[in-house]
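A closer look at the structure
Letter by letter, the chains look like this.
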Amino acid sequence: MNLTELQAIAAREREGRKPIRIRCCMAAGCLSADSQTVKQRLEAAVAEAGLADRVEVCGVGCMRLCSSGPLVQVDPDGALYGRVTAENAPAVVAALAEDGQAAGEAPELVDPAQPFFAHQVPIVLENSGQIDPERIESYIAAGGYQALYHALHELTPAEVLDQIARSGLRGRGGAGYPTGLKWATVAKSESPDGRKFVVCNGDEGDPGAFMDRSVLESDPHRILEGMAIAAYAVGASQGYAYVRGEYPLAIRRLELAIRQARKLGLLGAQIFDTAFDFRVDIRIGAGAFVCGEETALIASIEGSRGTPRPRPPYPAERGLWGCPTLINNVETFANIAPIIRNGPEWFARIGTETSKGTKVFALAGSITNTGLIEVPMGISLKAIVEELGGGVPGGGAVKAVQTGGPSGGCIPAALFDTPVDYESLGKVGSIMGSGGMIVMDERTNMVEVARYFMEFCKDESCGKCVPCRVGTVEMHRLLTKIAAGAADESDLDQLRELCQLVRETSLCGLGQSAPNPVISTLRYFPEEYAALLRERRRPTDAPLERSTP
Amino acid sequence: MKRHQYQPDALIEVLHKAQELFGFLSSDLLLMIAHRLKLPPSRVYGVATFYHFFSLAPQGEHTCVVCMGTACYVKGAGSLLAALEHEAGIKAGQTTPDNRLSLMTARCLGACGIAPAVVFDGVVAGNQGVEQALERVKGWLEP
């Protein structure tokens with residue numbers, strides 16, 4: 001494979017396209033709303049109407065506005081239909097026929113210029129919903145694998161490292177460690193046996209987050225290209241993509257992508273006629289939240305129980321089988337190819353001083369427009385909730401936004417002017433996290449929310465270190481007691497103390513961040529806790545009250 | 001196992017495949033895997049019990065998995081599960097005595113856009129109301 005051949009594939013793919021394309025969303029959200037049947041009906045309708053020579057139907061990845069799924073978009077005029085069903089699908093095709101005979105009622109039209117779409121800046125999701133994720137040619141036609149070619153032929157590994165560092169990209173898994181620095185550490189580290197590894201962390205365990213799933217389902221080749229560039233920069237020749245077992249479709253599409261790339265010589269030995277070799281294997285997770293933690297992930301890839309170990313040494317120095325290992329999140333890898341293609345300055349222009357680029361969020365909960373959004377860093381929460389999200393369905397008031405899953409916190413409506421970047425979210429007691437964003441309205445009980453997350457952490461604690469294993473169980477017990485209205489002031493004090501203790505003494509990120517939802521709800525919604533305490537204290541108010549049943 | 005060249009580090013891959021083939025991981029099966037991969041049985045058992053995905057008991061004829069992710073939770077998955085538990089007379093994680101239905105919960109299916117989500121026999125259904133879900137399960141519970 002060389003550049004001419006790559007461009008020939010792209011040209012062939014573009015020429016083969018028919019003038020009108022009907023794109024039908026085939027990501028997990030829409031598939032569960034039966035978009036497979038919708039696609040079949042569309043194909044049948046095209047054939048019936050005799051339009052097969054100028055209209056084609058293709059399955060694409062996520063079109064982002066999941067609440068209106070299944071979504072169908074028609075090119076080139078861009079008409080976007082929502083809630084398409086097998087019954088009203090033929091009307092989409094009928095509207096394309098010259099005589100324009102409407103066959104039954106057409107599905108509702110969604111405005112592609114509404115704020116939900118207009119405020120987004122798609123970089124990671126630029127191909128999502130545009131290309132067919134099951135065909136490598138479709139990705140190549142969209143400029144795919146050219147960044148890899150450019151890196152291999154025109155840049156030295158050191159230059160790639162430099163470009164990533166200058167772009168200001170930070171890890172999208174949540175903690176926001178500078179990607180360039182991480183890569184440089186792996187590149188510098190000596191390996192005992194000469195092996196180095198690149199690992200893609202697709203163990204998206206945060207409940208309420210589905211960005212990585214969508215990227216893997218909608219544009220799997222982009223991840224492979226990002227991983228290959230990373231491997232070239234740090235000197236690795238083997239990669240692992242660790243994907244959650246709960247995402248069968250993402251696994252299937254990624255497997256298919258690896259096979260296609262290998263067949264075209266874009267993975268494997270001597271890629272693009274250079275001395276660079278790179279293989280990727282998939283490792284399937286088995287439902288353990290803690291495996292999102294780097295060292296636990298490594299243990300899991302090695303086939304053991306996913307328990308973390310103390311750092312340092314960091315995986316960048318000693319990771320898989322004791323060799324230097326680069327671990328990045330799916331979204332981080334998805335940013336690599338565009339940075340190499342458009343240059344680090346282009347990327348650094350987007351976002352804020354310390355947080356560059358865009359972030360993908362999974363917007364869900366009590367909000368009108370649920371789905372995926374990709375927004376520039378620094379946008380305010382208010383803009384996300386009110387403009388992109390469209391507020392609470394039925395017009396209620398938003399109470400809080402929860403970011404970062406069980407490791408993050410709840411941000412109250414009063415602080416919605418907070419810009420979305422790593423530092424600002426940290427200041428208000430939450431974290432950027434991997435990108436789950438759950439909107440809660442007036443009806444949500446914050447003590448229950450804290451209890452829900454603690455139950456999650458209690459179940460997911462791997463049990464290796466005592467503060468996390470015992471602390472989460474105790475905190476959950478206290479929260480249950482408070483929620484049941486059976487607690488008094490001393491229980492609340494104990495809860496506060498435990499939060500501090502678990503945060504400071506746990507071994508890994510799971511334990512250290514487990515108290516965050518409790519701390520943030522205690523900080524912003526103390527009246528809800530107080531209300532539950534008072535009920536018990538008022539009628540008795542006696543000190544001996546606790547010992548007598 | 002042959003595909004993984006009997007590599008001990010492929011244990012999780014092998015367990016996935018075994019569960020896919022046999023439906024659950026019996027103790028005989030775990031012993032056999034341990035033997036073939038030259039791993040101590042304690043290690044295999046440890047890994048199989050550590051991960052939620054692996055099941056050591058046989059499943060019912062039909063399965064119903066309620067997603068308890070944050071988005072589904074906010075949209076009422078809790079009451080949905082309670083209603084299903086009441087209807088089937090079992091708790092989440094259990095199978096009815098006549099082996100017709102297994103009721104389970106999931107951490108997050110990543111289908112938050114269509115919350116609350118329930119998986120009936122491996123097919124994801126979104127925007128589930130209590131009545132809708134009960135309707136599905138009722139048909140399975142009747143003999």
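Residues numbered from 1 in each chain as written. Chains lettered and ligands numbered in written order. Predicted model: local features only at pLDDT ≥ 70, side-chain atom pairs only at ≥ 80, totals over all residues.

Helices and strands together make up the secondary structure of chain A, namely 23 helices and 14 strands. On C-alpha atoms alone, chain A measures out to a radius of gyration of 25 Å, which is about the 24 Å that the 2.2 N^0.38 rule sets for 549 residues. Evaluated residue by residue, chain A yields a buried proportion of 54% over its 549 residues. Considering only contacts within chain A whose residues lie at least 6 apart along the sequence, 73% involve residues at least 24 apart. (Helix = DSSP H or I, 4+ residues; strand = E, 2+ residues; numbered from the N terminus. Rg over C-alpha atoms; globule rule 2.2 N^0.38 Å. Buried ≥ 20, exposed ≤ 12 C-beta atoms within 10 Å, placed from the backbone. Contact = placed C-beta atoms within 7 Å.)

To continue, consider the interface of chain B and chain A. Contact with chain B, which involves 32 residues of that partner, is made by 39 residues of chain A. Going through the elements one at a time, α1 (11–22), α3 (41–50), α4 (70–74) and β4 (123–125) of chain B are the ones with two or more residues in the side of chain B that touches chain A. For the side of chain B that touches chain A, the per-class residue count stands at 21 nonpolar, eight polar and three charged. (Nonpolar A, V, L, I, M, F, W, Y, C, P; charged D, E, K, R; others polar.)

A few words now on the nonpolar core. By size, the foremost hydrophobic cluster in this structure holds 210 residues, and its most contacted members are A:Ile229, A:Ala230 and B:Cys67. Residue contributions to this core peak at ten residues, all from helix α11 (residues 220–234) of chain A. Every residue in contact with A:Ile229, bar those within four places of it in the chain, is listed here: A:Ala147, A:Leu148, A:Ala151, A:Val160, A:Ile336, A:Ala337 and A:Ile340. (Core = buried A, V, L, I, M, F, W, Y, C linked by C-beta atoms within 7 Å.)

The pLDDT averaged across chain B works out to 86; a share of 98% of its residues lies at or above 70. What the predictor reports for the complex is a pTM of 0.91 with an ipTM of 0.86. (pLDDT = per-residue confidence, 0-100.)

As a further point, take the domain arrangement of chain A. Residue and element names in this part refer to chain A. Domain boundaries assigned for chain A yield domain 1 (14–111), domain 2 (143–348), domain 3 (358–443) and domain 4 (447–539). The C-alpha centroid of domain 4 is placed 23 Å from the C-alpha centroid of domain 3. The partner domain 4 presents 14 residues to the eight residues of domain 3 that form the contact. Among the residues making up the side of domain 3 that touches domain 4, the classes are represented as three nonpolar, five polar and no charged. (Domains from an automatic or database assignment.)

For the rest of this paragraph, the subject is the confidence of the model for chain A. In the predicted model, chain A carries a mean pLDDT of 91, and the fraction of residues at 70 or more is 96%. Taken as a whole, residues 538–549 of chain A scores under 50 in pLDDT and shows one contact with residues more than four places along the chain or in a different chain.

Our focus in this paragraph is the sheet that holds strand β9 (residues 325–329) of chain A. Residue and element names in this part refer to chain A. Taken together, four strands build an open sheet; the order of strands is β8-β7-β6-β9 and the sheet is parallel. Bordering the open sheet on either side are β8 (279–284) and β9, each of which pairs with just one other strand. Each strand axis lies, on average, 20° off the axis of its neighbour in the sheet, ignoring direction. Relative to β9, strand β6 (residues 197–202) runs parallel, the two being bridged by five bridges. (Pairing = 2+ DSSP bridges. Axes fitted to C-alpha atoms, helices over the stretch in contact; angles between N-to-C directions.)

Taking 1.5 Å per residue, 15 residues should reach 21 Å; helix α18 (residues 446–460) of chain A reaches 21 Å between its end C-alpha atoms and fits that length. By the burial criterion, the buried members of α18(A) are A:Met446, A:Val449, A:Ala450, A:Arg451, A:Tyr452, A:Phe453, A:Met454, A:Phe456, A:Cys457 and A:Glu460. (Expected span 1.5 Å × (residues − 1).)

With that settled, consider the domain arrangement of chain B. Here the domain parsing of chain B yields domain 1 (8–50) and domain 2 (62–141). Relative to domain 2 of chain B, the C-alpha centre of domain 1 of chain B lies at a distance of 28 Å.

Turning our eyes to something else, we now look at the packing of helix α9 (residues 179–188) of chain A against α11(A). Helix packing geometry: the angle between the two helix axes and the distance between the axes. All names here are of chain A. Orientation of α9 relative to α11, taken along the N-to-C sense of each, is 50°, at an axis distance of 8 Å. Taken together, the axis directions place α9 and α11 in an arrangement best described as oblique. Of the residues in α11, those touching α9 at Trp183, Val186 and Ala187 are Ala230, Ala233 and Val234. (Parallel < 35°, antiparallel > 145°, perpendicular 65-115°, else oblique.)

Residues and elements named next belong to chain B. Judged by pairing direction, the sheet is mixed, and its four strands sit side by side in the order β2-β1-β3-β4 without closing on themselves. Looking at which strands have only one partner, the edges of the open sheet turn out to be β2 (101–106) and β4. Between one strand axis and the next, the sheet turns through 25° on average, direction left out of account. Strands β1 (62–67) and β2 of the sheet are contacted by helix α5 (residues 77–88), whose axis makes an angle of about 155° with β1. Lying over the sheet, helix α6 (residues 130–141) contacts β1, β2 and β3 (118–120), oriented at roughly 145° with respect to β2.

All names here are of chain A. Positionally, valine 38 belongs in helix α3 (residues 35–48). Spatially, the C-alpha atoms of valine 38 and leucine 71 are 9.6 Å apart, while their sequence positions differ by 33 residues. If we skip the residues at most four places from it in the chain, valine 38 touches Cys24, Pro70, Val72, Val84, Thr85, Ala86 and Ala89.

Residues and elements named next belong to chain A. Burial runs high along helix α14 (residues 330–342): eleven of the 13 residues are buried. All of the buried residues in α14 are Val330, Glu331, Thr332, Phe333, Ala334, Asn335, Ile336, Ala337, Pro338, Ile339 and Ile340. Where α14 ends, the next residue or the one after it, glycine 343, has phi of about 90°, a positive value.

Another aspect to go through is unusual backbone geometry. The linkage connecting A:Gly69 with the following residue, A:Pro70, adopts the cis geometry, with an omega of -5°. Residue B:Pro116 is reached from B:Ala115 by a cis peptide bond, and omega for that bond is -5°. As for its position among the elements, B:Pro116 is in the loop between β2 and β3. In this structure, B:Asn99 takes a positive phi of about 65° despite not being glycine. Residue position: B:Asn99 is located in the loop between α5 and β2. The exposure class of B:Asn99 is exposed, given the 12 C-beta atoms found within 10 Å.

All names here are of chain A. Here strand β1 (residues 20–25) pairs with strand β2 (residues 55–60) via six bridges, running parallel. Paired with cysteine 25 across the two strands is valine 60, which belongs to β2. Here β1 pairs with strand β3 (residues 72–75) via four bridges, running antiparallel. Paired with arginine 23 across the two strands is glutamine 73, which belongs to β3.

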